[in-house]
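A look at the structure
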Amino acid sequence: MDSGKFLHRRKPDIPGIRPRASDENQQASVKSLELSKVIRLLEDPLTANLKERHLFVLKKLLKRNQIGFLLKELTGIARILNLCAEKVKDHPEYVPVLCEALQICRLPFLKEKTSDELKYAQDVVEFLSHLGCLMRVSDAEVRQQIVESVKSFYSCVTPKQLLHGLQPTSPGYRLQLLEQSDLAQTLLLSMAALENQPAIKLQLLQTLQILSTSSDKNCALILNARGAETICLHMNEPDPSGQVLFRSCVILWNLLERGSKEEVIAQLSTMECVISLKEAFLHQLTNGLRHSDLPLTTDLLVITTLIAENPNSLLIESLFAKQLVVLVTFPEVRSHNPLVRNLKLSFNNEDLNTKRLLLNLLVLMSKDLAALRLYKEERVMLALLTLAKAPAASSESRSGSRRWSSVQQEELQLQALATLATVAPLMLDDYMSCQGNTCLLVLLDWCVKQDSYFGQGNSFHGTGGRGSKKAQMRYCIRALRSMTSSGEDSVNQDLCDQGTIGQLLGILMQMEASPDEEDVVILEIKSDIQLILSLLCESDMHRKELFGSEGVEMAVHFLRKGSNKFYSGLGHNKLILSTVDCVQSCIVGCYTTEDYFLAKDGVFLLLDLLYSSPRCVHCIILSTLVELCDNPNTLSHILSWRNDGGQMAPGLLLQLWREEEEELEVRRNRHGVIADPQRPILSLHQQDANQLSFPANVPSAAVLELSENLRSKIYFIFCKLGFQDLPGLSTQHYVTLSIVRRYMDFKVGEVWDEISKELSLDGVRPISPDEEALSTICKVAEDTARRVAAEQNSILELQEKGEIGEEELMYTEIKSHWKQQELTAKSWDSYVSRTSNYEILKEVKAQREKFIESSQPKPKHEDAAAQPKEHFIGHVISIETTGAPGPAGVKLTLATTPIKAAGQDEVGPTAQDPEYFSTVSVKD
């Protein structure tokens, strides 16, 4: 019996009865059961060769799913597609089935319930992974359908009319799950099988471009499969359409921007990838005739630039660097290299971008010493100096030929100067043979001249220079600073022989006299000029003499500006530092300039700056003052300085010492007394470092501390000033000064203590005499610290006694004042009572007369009896203190007022009764 007839049998439908919910579930289970029967039909060995029956069942299954695959059936559909893919090898008749199924995959998946999206999410991920595995089918149509299906995920496909109870999944559902699948990796790996199918390969690159553009996770998946390397190695394969290289570059850019840049560069830094990039770049450079090919050349050069940043790049070994260097010097230097023999420039913006990228590559490749030999062979220095020349000189040398426009020439000139600042110090011989100093000084003269040139300021290097030559001066000065920083005496001597010191001083003062407002560029130029002067004059006495009075005037002028704009953000902080460095390098050490600097109140200005500037500037200012103290005339200037608040230089230095110890967290009590005699000057950082053992060629923490903080510099200044009879010091200052005086003793003890601890950490036991000597030294240092602490406490006790004496004197004055007020009040009350009550007045008068009579001595002579008796009342006129402790230290000055006897005044008390001021006659 023909088994095919059983496939046409079906149970008769029951009309007129609508299926209930339970019936729908039953139908779903029937459909699922039918899907499992199809899988069994394809896998069962008894039915595995029934090709016609397979195709009939598969077509029927696909016809049933024309509106899309159900989420719950995706696992079975993936199994069926894989079985068909295996049968395609021997039976091409399965290809249309696969293609039709892949076309259905373009439609959204279907769900019966809202919860199906979450429930079957893992099934969707596995289905998408299986979808990529179908690329193993060699048939071009199947591969094309796979690629088209994946691309359709990123387009809005309108679902067909759905049955009742079915809904399409959300638009981003497949894309979200695609990132969790292996589809991107599988598509990338399939590129190796598409060498004979260029059309499919191009479509696959388009798909990978979409995947890498839309998601960071897809980029990570592609990179995990070494996608950057794979794309790079296949970019130069034969391509009739001319789109493979473009698509490959776009994918690489997406991986750089959305993936791990370090991973991409690492994959592209292999020899094979570098050679592939070289071939692609040179092919585009020589054969890219269309205008649309020029941006592609620039993109390849940018990718090469990123590879050059990798220290392990193989640009030189692959000979790519040599060809790039040849292109850098074209057309400024004539060359017989075949690469540039027939090369012509259009001098358009794309050529300008290529030229700028090549100049940037010079800077990146200069880190490799092997590249410098290429620079020398191809005369890179001559090309850079030619580009850096002033526009007028450059145009004269190339008159009558096509050349860069003024804007393009300005951009190349500025970038050439920026490149010189990096490359020239590495090629001093070539720089001097090409007379680099002369070229830069001539350009500097051109920058100062007033003419009709106006900078465009369109490029990065031209920022801030629009309408002027500030950008050219900025990079010219920067190149000179780079050359002087190299420390090559021949270069510096050549600059001095050409009058650079006077030229730079003139430019600096000319800029100061200009009415233009200071900006970032101007401040950078000024600070760089000062740094150049410092580098030129630092170690040569004759150059310091050339710096002379004009240079001193310049330094004093900038010191007078102070530090008010230190945090302005424009660069005033750098200018302050460079000014102080200029004083230290160009003035200090030459008595002629030093004396002139002192006469111009230079030390006062340094101390003003030390008082007002932030902590980061203190170190260099103190270093300069230490060196200036070698001049004996400096000390009087330091001791006579006083700030606006009346603080003098010794007090300021001791205040900085205390602030430094607070910053270092040195242990002190609240009065500044040594709290730990075993560690009198040890900082918290040193305590941590003492737990480590350092090699012999590495300075220890105790030695390194001398150069990193201010205490050693303050100590050296006090060694010049002395520690006695210093003006303007308080008790707190004397407490700190006692530590400063013993700083060197403490430091010596600290170093020996550090040696002892390092020996212990290394497990080394000194011999007995050395061990005894170490113990004695550490004990002496500790005893010194205890004596200093006792001295500090003695100073504080004297201060406390003085304060107590002042307090007692103040209380005595207050007591005398209140007593006087009390007596005055009682006198007034007595006067009021006598004037308001006559009886009291008579009683008082009687008492007075009685008292007078009893107190009067009998007269020895009649003449004396006839004389009237006078009585006096004392008044406190003034109070003085003699400094003695207690009441003995108060000196009162009294005055007496005469009081007439009762019989002398017959009229009675007047309006100004003397008894009003009496403090004696009133009884308490």
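Above: the structure in question.
Residues numbered from 1 in each chain as written. Predicted model: local features only at pLDDT ≥ 70, side-chain atom pairs only at ≥ 80, totals over all residues. Heavy atoms only, no water.

Once that is clear, we can look at empty space enclosed by the protein. Counted under the stated rule, the structure contains 2 cavities of 30 Å³ or more. Taken together, Leu-58, Leu-61, Leu-62, Phe-69, Ile-77, Ile-80, Leu-81, Cys-84, Val-97 and Ala-101 make up the lining of the largest cavity. Looking at the lining of the largest cavity, the elements with two or more residues in it are α3 (51-64), α4 (74-88) and α5 (95-105). Per element, the largest residue contribution to the lining of the largest cavity is 4 residues, and it comes from α4. Of the residues assigned to the lining of the largest cavity, the class counts are 10 nonpolar, no polar and no charged. Of the volumes computed, that of the second largest cavity is approximately 30 Å³. (1 Å grid on protein atoms, 1.4 Å probe; cavity = no way out; pocket = protein on both sides within 12 Å on 5 of 7 lines; lining within 4 Å. Points joined across faces, edges and corners; volume = space filled by probe spheres on them. Helix = DSSP H or I, 4+ residues; strand = E, 2+ residues; numbered from the N terminus. Nonpolar A, V, L, I, M, F, W, Y, C, P; charged D, E, K, R; others polar.)

Next up on the list: a negative patch on the surface. A surface patch of negative charge is lined by Glu-797, Glu-800, Glu-803, Glu-806, Glu-807 and Glu-808. Looking at where Glu-797 falls in the secondary structure, it is placed in helix α43 (residues 768-836). (Patch = residues over 30% accessible without salt bridge, like charges linked within 9 Å, V, L, I, M, F, W, Y side chains within 5 Å. Areas by Shrake-Rupley, 256 points an atom, 1.4 Å probe, with all protein chains shown as cover. Salt bridge = Lys/Arg side-chain N within 4 Å of Asp/Glu carboxyl O. Lys, Arg positive; Asp, Glu negative; His and termini not counted. Charge placed at Lys NZ, Arg CZ, Asp CG, Glu CD.)

Another point: α5. Burial of α5 is extensive: 8 of the 11 residues sit out of reach of the surface. For α5, the full list of buried residues reads Val-95, Val-97, Leu-98, Cys-99, Ala-101, Leu-102, Ile-104 and Cys-105. Buried positions along α5 lie against α3, α4, α7 (121-133), α8 (140-152) and α9 (173-178). (Buried < 20%, exposed > 50% of the residue type's maximum accessible area, 1.4 Å probe, protein only. Contact = heavy atoms within 4.5 Å.)

Bringing the nonpolar core into the picture now. Counting 232 residues, the largest nonpolar core has Leu-208, Tyr-375 and Leu-533 as its most contacted members. Beyond its immediate chain neighbours, meaning those up to four positions away, Leu-533 contacts Ile-501, Leu-504, Leu-505, Phe-547, Met-554, Cys-582 and Cys-586. (Core = buried A, V, L, I, M, F, W, Y, C linked by side-chain atoms within 4.5 Å.)

Once that is clear, we can look at unusual backbone geometry. Look at the link from Phe-330 to Pro-331: it is a cis peptide, with omega at 5°. Inspection of the secondary structure assignment puts Pro-331 in the loop between α18 (320-328) and α19 (338-341). Positive phi values are uncommon outside glycine, yet Arg-379 reaches one of about 55°. The topology assignment puts Arg-379 in the loop between α21 (369-377) and α22 (380-388). Overall, Arg-379 belongs to the partly exposed group, its relative accessible area being 41%. Positive phi is not limited to glycine here, since Glu-665 has a value of about 60°.

On to the packing of helix α24 (residues 406-423) against helix α27 (residues 470-485). Contact pair α24 / α27: the axes reach a minimum separation of 8 Å and the direction vectors enclose 20°. By the angle between their directions, the pair α24 and α27 is classed as roughly parallel. In terms of crossing hand, the pair formed by α24 and α27 is left-handed. Facing Glu-410, Gln-413, Leu-414, Leu-417, Ala-418 and Ala-421 of α24, the residues of α27 in contact are Ala-471, Gln-472, Tyr-475, Cys-476, Arg-478, Ala-479 and Ser-482. A breakdown of the residues in the contact of α24 with α27 according to their chemical character gives 8 nonpolar, 3 polar and 2 charged. (Axes fitted to C-alpha atoms, helices over the stretch in contact; angles between N-to-C directions. Parallel < 35°, antiparallel > 145°, perpendicular 65-115°, else oblique. Left-handed = near helix turned anticlockwise from the far one by under 90°.)

With that settled, the discussion passes to helix α36 (residues 633-640). Since the α-helix advances by 3.6 residues per turn, residues separated by three or four positions end up pointing in the same direction. Buried within α36 we find Thr-634, His-637 and Ile-638. The buried side chains of α36 occupy one side of the element, clustering within an arc of 100° when seen end-on. On the buried face of α36, the contacting elements are α33 (591-599), α34 (602-612), α35 (615-628), α37 (649-664) and α40 (711-721). (Arc of directions from axis to C-beta.)

Evaluation of the coordinates by the stated rule reveals 9 aromatic pairs. With centroids separated by 6.0 Å and ring planes inclined at 55°, the aromatic side chains of Phe-281 and Phe-320 adopt a geometry described as tilted. With Phe-281 in helix α16 (residues 271-287) and Phe-320 in helix α18, this pair connects stretches of sequence that are 39 residues apart. Since its relative accessible area comes to 1%, Phe-281 is described here as buried. Geometrically, the ring pair formed by Tyr-715 and Tyr-743 is tilted, given 5.5 Å between the ring centres and 50° between the ring planes. With Tyr-715 in helix α40 and Tyr-743 in helix α42 (residues 743-761), this pair connects stretches of sequence that are 28 residues apart. Take Tyr-715 and Tyr-743: they sit in the same class, and that class is buried. Aromatic ring contacts, followed pair by pair, group Trp-657, Tyr-715, Phe-716 and Tyr-743 into a single cluster. A cation over a ring is seen here: Arg-174 above Phe-109, with NZ or CZ 5.3 Å from the ring centre. Its end group placed over the ring of Trp-446, Lys-469 keeps NZ or CZ at 4.3 Å from the ring centre. (Phe/Tyr/Trp six-rings, centres within 6.5 Å; stacked < 30°, edge-to-face > 60°. Lys NZ or Arg CZ within 6 Å of the ring centre and 35° of its normal.)

Here we take up a nonpolar patch on the surface. A surface patch of nonpolar side chains, about 400 Å² in accessible area, is lined by Phe-716, Met-744, Val-748, Trp-752 and Ile-755. Relative to the elements of secondary structure, Ile-755 occurs in helix α42. The class of Ile-755 is partly exposed, set by a relative accessible area of 33%.

Here α4 crosses α7 at 15°, and the two axes come no closer than 9 Å. Between α4 and α7, the crossing angle belongs to the class labelled roughly parallel. The two elements α4 and α7 cross, and the hand of that crossing is left-handed. Counted together, Leu-74, Thr-75, Ile-77, Ala-78, Leu-81 and Asn-82 of α4 and Asp-123, Val-124, Phe-127 and His-130 of α7 form the full contact between these two elements. Residues that form the contact of α4 with α7 fall into these classes: 6 nonpolar, 3 polar and 1 charged.

Let's shift gears to the environment of Cys-537. With respect to the helices, strands and loops of the structure, Cys-537 is situated in helix α30 (residues 520-537). C-alpha of Cys-537 to C-alpha of Gln-584: the two residues are 47 residues apart in sequence and 9.9 Å apart in space. When sequence neighbours within four positions are dropped, the list of residues in contact with Cys-537 reads Ile-501, Arg-543, Lys-544, Phe-547, Ser-585 and Cys-586.

It is worth spelling out the pattern of salt bridges at this point. Counted by the stated rule, this structure contains 41 salt bridges. Two residues, Glu-148 and Lys-151, come together in a salt bridge whose shortest N-O distance is 3.5 Å. Remark: Lys-151 and Glu-148 occur in helix α8; sequence separation between them is 3 residues, near one turn of the helix. Under the relative-accessibility criterion, Lys-151 is labelled buried at 18%. Linking Lys-779 and Asp-783 is a salt bridge whose minimum nitrogen-to-oxygen distance equals 3.3 Å. One end of the pair is Lys-779 and the other is Asp-783, both in helix α43 and 4 residues apart, which spans about a single turn. The class for Lys-779 is exposed, based on a relative accessible area of 51%. A cluster of three or more residues bridged by salt bridges with shared partners is formed by Glu-661, Arg-668, Glu-705, Arg-711, Lys-747 and Glu-750.

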